[in-house]
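# Fold and contact review
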Amino acid sequence: TPPPTPPPSPPPTLNPIPAADAEERLASIVNLLGTELGITSVEDLEDPDAPQGKAALWLAGTDGMRMEIPTLKKDESDDEDDEDGGGEGGEEGEGANAEATASAIVDFVTRYSLVTLFHSLDGTNWDYDLNFLGPDDVCTWGYWGPYEMLSTLSSVWYGVGCKDGEVVQLWTPQDIGLAGVLPSEIGQLTGLQFIALEFGDITGPIPTEIGDLKSLRQLWLSNNDLSGQIPPGIGNLPNLNALALDDNDLDGNLRELLGSAPEGRLEKLKYLYLEDNRFTGTVDGDFLSSHSKLVQVDLSDNLLTGRLPLHLLSHPKLQVLDLHDNGLDGGFPPVIETQDVLYFLALYDNDFDGPFPPSVANLTGLVHLDIAQNDFEGRPPSELAALPNLDYLFLGDNPWDVGPFPDFIRNMTGLQELSLKRSQLTGGIPEWIGEMDRLLLLDLDGNDLTGTVPEGFGDMAGLFVLLLNRNPGLNGTVPFEM
């Protein structure tokens, strides 16, 4: 996806604030945000090198909007006017003033929090401008740019997104150059529903204050360098339906985040991506059993232990289940009922053992099945050929019984990728392999195949990867037509 091309930022419309006035404004800002509201420490607000201090200085003297700094207390003159005015309408006036003051404080804190976020994530060095720090309302801090998903190009609003004047979205393009830490002030943006700050160099922990964003529906912080544990409050977010913290350096027990039946947490989740971290936890019959809305789950490349529960294979809505590269063991549970929704199942690089059950044929929606690098034994079940949609099949690196090339595979003419690497295969490669004209990848590395390479390989115009290495009894030449 090409980087968005932003429109030019409008120039400031006001002359710089005189130094004396800016100093007075800065003192008021420090008092409001540090002393009275306690949002940020006074020390950080007074530090010109801290993101919070930079934000305070900008609001005090550089911001083209020149927001009025709200106060929490009335002036003595206002009190005297109230006493002199008296009469009816006084209480209504006080209520209106209080409401106006509260609204002004929210607007000011929102602007301050966004500027703090900008500086905390090294916004001045981002690869392209998002119109942050413009002189207008924060809802203009963004622009329409291209976004590609599943090979479909569309246009989305990057930056600060608003609804009815309230900030509901923070979304930066991938690889914009995010670097630094997420500030606690992000918790002041209480209307946030969507956060996407991915593919950067964000370090440190996830702020606990994100757990206070009760309106949050989607949190995408993938592909950064975040560390530590997920704040407990995130497990209590009532509306969260997508959580993507993959490809970080996070740890902790997932059971504490997700809970256990009958008191599960985050039960509205549809999309859960936590792969490539260091999470621990036991996978058992209660694991994710109360999460009935799940559509995609990727917990691969972690430190999970336990056994694959049947309910994840019979889940009525689950389409993707990726648990590869963990410490799961035991047998593959028999699939009793037909399930036609699950299309992607990856379990490779675990410690599953025993025979692989023929009942896998009940997972009729499977397109991708990868059970490589486990301890399955016996022979791969011929019932695999009954899976009508299977395109990708990886069975290698299991201690299958010694035997010939599985004959049932000749009926799987829709396969695009097939791996039988290190599967104790003996005998010759069958000639009918050349009839599998949809194959793009065939991996037969590390077996004990013998005989001559079939000439039919030359008819497989789409075959892009062919691995026949480490088969000492195999001879002949690969057809030149390939």
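Residues numbered from 1 in each chain as written. Predicted model: local features only at pLDDT ≥ 70, side-chain atom pairs only at ≥ 80, totals over all residues. Heavy atoms only, no water.

What follows is about the confidence of the model for the protein chain. Averaged over all residues, the pLDDT of the protein chain equals 91, while 90% of them reach at least 70. Every residue in residues 1–8 is under pLDDT 50, and counting partners more than four places away or in other chains gives 17 contacts. (pLDDT = per-residue confidence, 0-100. Contact = heavy atoms within 4.5 Å.)

Turning to helix H1 (residues 19–36), a few remarks are in order. The first and last C-alpha atoms of H1 sit 24 Å apart over 18 residues, in line with the 26 Å expected at 1.5 Å per residue. Following H1 by one or two positions, Gly38 has its phi on the positive side, about 65 degrees. (Helix = DSSP H or I, 4+ residues; strand = E, 2+ residues; numbered from the N terminus. Expected span 1.5 Å × (residues − 1).)

According to the stated counting rule, one finds 1 disulfide in the structure shown. Across the disulfide from Cys139 sits Cys162; the S-S distance is 2.2 Å. With the S-S dihedral at roughly -95 degrees, the linkage between Cys139 and Cys162 falls on the left-handed side. You can see Cys139 sitting in the loop between helix H5 (90–120) and strand E1 (142–149) and its partner Cys162 sitting in strand E2 (residues 152–163), a full 23 residues away along the chain. Looking at Cys139, the relative accessible area reads 22%, which means it is partly exposed. (Disulfide = S-S within 2.5 Å. Buried < 20%, exposed > 50% of the residue type's maximum accessible area, 1.4 Å probe, protein only.)

Residues Asp351, Asp353, Asp375, Glu377 and Asp401 make up a contiguous surface patch of negative charge. Every element with two or more residues in the negative patch is listed here: strand E21 (351–355) and strand E23 (375–377). Under the relative-accessibility criterion, Asp351 is labelled partly exposed at 39%. (Patch = residues over 30% accessible without salt bridge, like charges linked within 9 Å, V, L, I, M, F, W, Y side chains within 5 Å. Areas by Shrake-Rupley, 256 points an atom, 1.4 Å probe, with all protein chains shown as cover. Salt bridge = Lys/Arg side-chain N within 4 Å of Asp/Glu carboxyl O. Lys, Arg positive; Asp, Glu negative; His and termini not counted. Charge placed at Lys NZ, Arg CZ, Asp CG, Glu CD.)

A few words on the environment of Pro18. You can see Pro18 is positioned in the segment before H1. Its relative accessible area of 49% is what places Pro18 among the partly exposed residues. For the pair formed by Pro18 and Gly61, sequence separation is 43 residues and the distance between their alpha carbons is 7.8 Å.

Let us now look at the packing of H1 against helix H3 (residues 51–62). Where H1 meets H3, the closest approach of the two axes is 8 Å, and the angle between their N-to-C directions is 135 degrees. Classed by the angle they form, the pair H1 and H3 counts as oblique. The two elements H1 and H3 meet at a crossing, and its hand is right-handed. Across from Ala22, Arg25, Leu26 and Ile29 in H1, the residues of H3 making contact are Ala56, Leu57, Leu59, Ala60 and Gly61. Its residues assigned to classes, the contact of H1 with H3 shows 7 nonpolar, 1 polar and 1 charged. (Axes fitted to C-alpha atoms, helices over the stretch in contact; angles between N-to-C directions. Parallel < 35°, antiparallel > 145°, perpendicular 65-115°, else oblique. Left-handed = near helix turned anticlockwise from the far one by under 90°. Nonpolar A, V, L, I, M, F, W, Y, C, P; charged D, E, K, R; others polar.)

Moving on, we come to the sheet that holds strand E27 (residues 425–427). Ordered in space as E25-E27-E29-E31, the 4 strands form an open sheet in which the pairing is parallel. Two strands in the sheet have a free side with no partner beyond their single neighbour: strand E25 (403–404) and strand E31 (473–475). Bridge count between E25 and E27: 2 bridges; the pairing is parallel. If you follow Pro404 over to E27, its bridge partner there is Thr426. (Pairing = 2+ DSSP bridges.)

What follows concerns the sheet that holds strand E17 (residues 305–306). With parallel pairing, 5 strands are arranged side by side in an open sheet as E15-E17-E19-E21-E23. Of all strands in the sheet, those with a lone pairing partner are strand E15 (282–283) and E23, marking the two edges. As judged from the 2 bridges shared by E15 and E17, these two strands associate in the parallel manner. By the bridge assignment for E17, Thr282 is matched with Thr305.

This paragraph deals with the pairing of E21. Here strand E19 (residues 327–330) runs beside E21; their pairing, made up of 2 bridges, is parallel. Among the inter-strand pairings, Asp329 is bridged to a residue of E21, identified as Asp351. With 3 bridges connecting them, E21 and E23 associate as parallel partners. Among the inter-strand pairings, Pro355 is bridged to a residue of E23, identified as Glu377.

On inspection of all chains with the given rule, the structure shows 9 salt bridges. With a closest N to O distance of 2.6 Å, Arg422 and Asp397 form a salt bridge. Of this pair, Arg422 sits in the loop between strand E26 (417–419) and E27 while Asp397 sits in the loop between strand E24 (392–394) and E25, and the two are 25 residues apart along the sequence. Since its relative accessible area comes to 21%, Asp397 is described here as partly exposed. Between Asp407 and Arg410 there is a salt bridge whose closest N-O contact spans 4.0 Å. Judged by its relative accessible area of 47%, Asp407 is partly exposed. The class for Arg410 is partly exposed, based on a relative accessible area of 36%. Counted as one network, the salt bridges with shared partners bring together Asp249, Asp251 and Arg278.

So, on to a positive patch on the surface. Residues Lys163, Arg217, Lys268, Lys270, Lys293 and Lys317 make up a contiguous surface patch of positive charge. Structurally, Arg217 is set in the loop between strand E6 (201–204) and strand E7 (218–220). With a relative accessible area of 39%, Arg217 lands in the partly exposed category.

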